[in-house]
Amino acid sequence: MIYDMGLQDYLHGITFECPQPALDEKPKLVRCIMEGKNYTSAEIDTVFRSAKAQGKSLYYVEEDLLQHIAPDVIFTQDTCEVCQIDTKCTAAAVAKLARRPQIIPLTPGNLDDVYATAVTIAKALGREEAAYTYLAKLQKRSAALLDKLREHKMPLKRVLLMEWLDPIYNCGHWIPFQIAQAGGIDMLSNPGGDSITISWDKIRKYNPEIIVIAPCGFHVGRAQQELHLLTRREGWAEIEAVQNDRVFVADFSLFTQPSPSTLADGIELLAALFHPELFTLSPTLKQKTIRFTPQIVG
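Along each chain, residues carry numbers from 1 onward, in the same order as the chain's sequence is written. Per-residue local features are limited, in this predicted model, to residues with pLDDT of at least 70; the limit for side-chain atom pairs, both in listing and counting, is 80 or more; totals at the level of whole chains, interfaces and linings are taken over all residues. Just so you know, side-chain values use all the structure's heavy atoms and leave hydrogens and water out.

Novice: Describe the pattern of salt bridges, with residues and values.
Specialist: What counts as a salt bridge is simple: a side-chain nitrogen of Lys or Arg found within 4 Å of a carboxyl oxygen of Asp or Glu. For the coordinates displayed, the defined rule picks out eleven salt bridges. For Asp 72, the salt bridge is made with Arg 99, and the minimal N-O distance between the two is 3.0 Å. Here Asp 72, found in the loop between α3 (63-69) and β4 (73-77), pairs with Arg 99, found in the loop between α4 (87-94) and β5 (102-106); they are 27 residues apart in sequence, far enough to count as distant. Since its relative accessible area comes to 45%, Arg 99 is described here as partly exposed. Between Glu 240 and Arg 158 there is a salt bridge, with the nearest N and O atoms lying 2.8 Å from each other. Of the two residues, Glu 240 is situated in helix α11 (residues 240-243) and Arg 158 in strand β6 (residues 157-162); the sequence distance between them amounts to 82 residues. The partly exposed category is assigned to Arg 158, whose relative accessible area is 25%. For helices the rule is a DSSP run of H or I covering at least 4 residues; for strands it is a run of E covering at least 2, with both sets numbered from the N terminus onward. Only protein chains enter the accessibility calculation, which uses a 1.4 Å probe; a residue whose area is less than 20% of its type maximum is buried, one above 50% is exposed, and one in between is partly exposed.

Novice: Tell me what's going on with the packing of aromatic side chains, and back it up with residues and numbers.
Specialist: We call Phe, Tyr and Trp rings a pair once their centres come within 6.5 Å, taking the six-membered ring for Trp, and we label the pair stacked below 30 degrees between planes, edge-to-face above 60, and tilted otherwise. Enumeration according to the criterion identifies four aromatic pairs in this entry. A connected cluster of aromatic rings, assembled from ring pairs, spans Trp 200, Trp 236 and Phe 292. Here, a charge over a ring means that NZ of Lys or CZ of Arg falls within 6 Å of the ring centre while also lying within 35 degrees of the ring normal. Above the face of the Phe 218 ring, Arg 222 is positioned so that its terminal group lies 4.2 Å from the ring centre.

Novice: Describe helix α2 (residues 41-53), listing the residues and the values that go with them.
Specialist: Any helix carries an expected span of 1.5 Å times its number of residues minus one. Its 13 residues give α2 an end-to-end C-alpha distance of 18 Å, which sits within 8% of 18 Å, the value for a rise of 1.5 Å per residue. Along α2, the positions that sit buried rather than exposed are Ser 41, Ile 44, Asp 45, Phe 48 and Ala 51. Buried residues in α2, looked at end-on, bunch into an arc of 135 degrees, giving them a common side. The outward face of α2, more than 90 degrees from its buried face, is lined by the exposed residues Thr 46 and Ala 53. It is the directions from the helix axis to the C-beta atoms whose arc is reported.

Novice: Please give an account of the sheet that holds strand β2 (residues 28-32) that cites residues and values.
Specialist: Two strands form a pair only when DSSP identifies at least two bridges running between them. Strand order in the open sheet made by the three strands is β1-β2-β3, with mixed pairing throughout. In the strand order of this sheet, the two ends are held by β1 (14-15) and β3 (59-61), each with one partner. Sheet topology note: the β1/β2 ladder contains two bridges and is parallel. Note that in β2 the partner of Ile 14 across the bridge is Lys 28.

Scope: geometric values only; no functional claims are made or implied.
Structure follows, in structure tokens:
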């Protein structure tokens with residue numbers, strides 16, 4: 001968000017999961033012991049569940065670098081302890097600093113909360129107006145989509161968006177709101193709350209019209225490597241989305257790497273997948289999704 005709002009000169013340390021160009025320009029302050037590992041979805045799930053059960057964190061702060069930077073403000077997140085270091089772990093490293101910075105936790109639950117987070121960040125940097133300018137442009141994009149859907153009286157599509165494949169997780173937090181703004185509804189989602197595991201039997205009974213596969217942290221190519229986990233399940237070929245060739249793989253950055261701009265991109269991508277008769281994908285968004293067919297997993 002800081003880059004999106006043109007405030008990157010204020011930024012002096014990032015995490016290993018931050019997007020480009022931050023990774024090229026800023027020192028990585030937060031690291032993970034799993035960096036560089038090529039685990040399967042099931043293995044990653046096992047590692048994180050085990051760490052949580054033992055009360056351990058997989059993330060750590062480069063404390064020497066933190067002391068060198070001596071920040072005035074540190075932004076943390078408490079939305080998902082699986083995805084990134086939390087406020088508690090950060091506070092332990094900060095306690096060793098000679099001068100205590102201001103720690104600002106960012107904990108968005110729904111889509112409006114993510115937008116409000118941009119204001120929180122910009123206000124802390126003394127540049128509140130940058131957030132309002134930024135958000136106004138994004139909200140125009142979302143409003144244009146909704147206006148077109150209403151104009152054509154488009155029915156909501158019955159959607160399933162998967163945040164993980166083994167085990168299968170539904171989508172939570174702001175993603176159900178993205179789906180709604182794109183002209184769909186995910187009845188297996190958890191709006192404003194954590195994503196949770198869901199049974200295959202429940203998915204079969206739900207029988208979605210459209211399936212979007214967007215595992216957290218996986219780009220399209222990485223997600224493709226595990227599509228066999230779905231095709232081998234009993235009844236996969238009988239699901240309406242599969243029969244009608246409406247299963248898609250999408251880049252995680254449009255959904256679970258939340259900045260208002262990436263989430264707005266995600267809404268536009270979903271709208272084009274749900275209602276291709278009304279919306280088309282931009283060249284950039286075309287690179288962030290593929291239609292899943294049997295030939296892909298060959």
